[in-house]
Amino acid sequence: MEYRRLGRTGLEASVVGFGAEWIEKMDDDAVRALVDRCVEAGVNIVDCWMSDPAVRSALGAALEPTRDRWIIQGHIGSTWQDGQYVRTRDLDAVRPAFEDLLARLRTDHVELGMIHFVDDPAELRDLLEGAHGFMDYVRQLKAEGKIGHIGLSTHNPDVASLAAACGEVEVILFSVNPAFDLMPPTPNLDDLFGDYENVGGDGIEPARAQLYALCEREDVALTVMKGYAGGRLLTADSSPFGVALTPVQCLHYALTRPAVASVLAGVESVAQLDEALAYCDATPEQLDYASVLAGAPKHAYYGQCTYCGHCAPCAAGINIALTNKYADLALQHDEVPPTVRAHYEAMPVTAGACISCGQCEPRCPFGVPIVARMGQTTALFGC
């Protein structure tokens, strides 16, 4: 298992995480089997947004024997009212729901206290400005040690960017996959599962690319939900690309985005968990999402680097994928951010070493003009 820094929290998260949403369909023994398999494989981060008391209790019982090794994302604002889930900012409901979460998870704290499900930028602005006293409560939880760090969950890159820039949010649970990356910002989650026929252009929606760059600059970690686009990417009939990706390819796509630390795979069985865990031992051929997308009948990312690494090896020893990633991050800003420059200049070989041989370009599935990009990157960084 690979572990990555969870932004500036000081925590290290497994790249494959446990999205526990579907355990509501399982009995306690099945939940325990899932958690035990996670522990065996080195998974150490779990997300619990669910408010159903039975689900929380089952998860808490399964986590308790190994509680000290887990990073728990616990959500603030997810409540259970009259036998159903309700998202609310009403502190009369939020407070007891969060205390219930801690009690049923059999812990006195969670590592990440997630402001639950904000998809409207206006709502986030209101919360940050003091609406409902919600943020004061979140800060109180942090001061009391009931949450270690403040996080937020959203599907909207505009909301995520506001959160990343506010200075208090250290981790964002965000939906990352090659289908959603085509879609413009929206406050309506259903839009992300809608009509891809009218998506203009190729490649990542600018607001999403800007978000990834901002999170990298601000050292805000992204943990990933909906890595399979709700399962749509796993079959050709439902995929907006007209081709199927594997769970391993979906994970690899998300984990090549800047600032992404972990993909929280939503699974309903140990077998499905093992499909995600296969990422840890996957061959380059099994990781290869790029060839699949490049050959797709719809919405291939033509002309845009997806950091897949097919261009390697470089005759001059340049890590072309990483070079392009740093260049893309830098180009999201008026000036090259110092952190991006430092990472770029620390590379053993930078773009300035390019000899313009062009051997890399025929290997690129997306037709990226790599030699020209190396020249542009040399000019951008000065080396």
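Residues numbered from 1 in each chain as written. Predicted model: local features only at pLDDT ≥ 70, side-chain atom pairs only at ≥ 80, totals over all residues. Heavy atoms only, no water.

Caption draft 1: Quick look at the pattern of salt bridges. Here the structure, examined in full by the defined rule, presents 20 salt bridges. With its nearest N and O atoms 2.7 Å apart, the salt bridge here joins Glu64 to Arg106. Here the residue Glu64 occupies a position in the loop between α2 (53–63) and β5 (71–76), and Arg106 occupies one in the loop between α3 (91–104) and β8 (110–115), the gap between them amounting to 42 residues. Residue classification places Glu64 among the partly exposed positions, given a relative accessible area of 40%. The exposure class of Arg106 is partly exposed, given its relative accessible area of 45%. Close ionic contact of Arg89 with Glu123 constitutes a salt bridge, the shortest N to O distance being 2.8 Å. Taken together, the residues Arg89 in the loop between β7 (84–87) and α3 and Glu123 in helix α4 (residues 121–128) connect sequence positions 34 residues apart. Each member of the pair, Arg89 as well as Glu123, carries the same accessibility label: buried. When salt bridges that share partners are traced, they join Arg37, Glu40 and Asp274 into one network. (Salt bridge = Lys/Arg side-chain N within 4 Å of Asp/Glu carboxyl O. Helix = DSSP H or I, 4+ residues; strand = E, 2+ residues; numbered from the N terminus. Buried < 20%, exposed > 50% of the residue type's maximum accessible area, 1.4 Å probe, protein only.)

Caption draft 2: Examining the nonpolar core more closely. If you look at the biggest cluster of nonpolar residues, it comprises 113 residues, and the most contacted ones within it are Phe18, Leu59 and Ile172. The leading source of residues in this core is helix α8 (residues 247–255), at six residues. Residues in contact with Phe18, not counting those within four places in the same chain, are Ile23, Leu34, Val35, Cys38, Val43, Ile45, Val46, Asp47, Leu59, Leu264, Ala265 and Val267. Among the nonpolar cores identified, the runner-up in size contains twelve residues, and Leu112, Met114, Val171 and Ala221 belong to it. (Core = buried A, V, L, I, M, F, W, Y, C linked by side-chain atoms within 4.5 Å. Contact = heavy atoms within 4.5 Å.)

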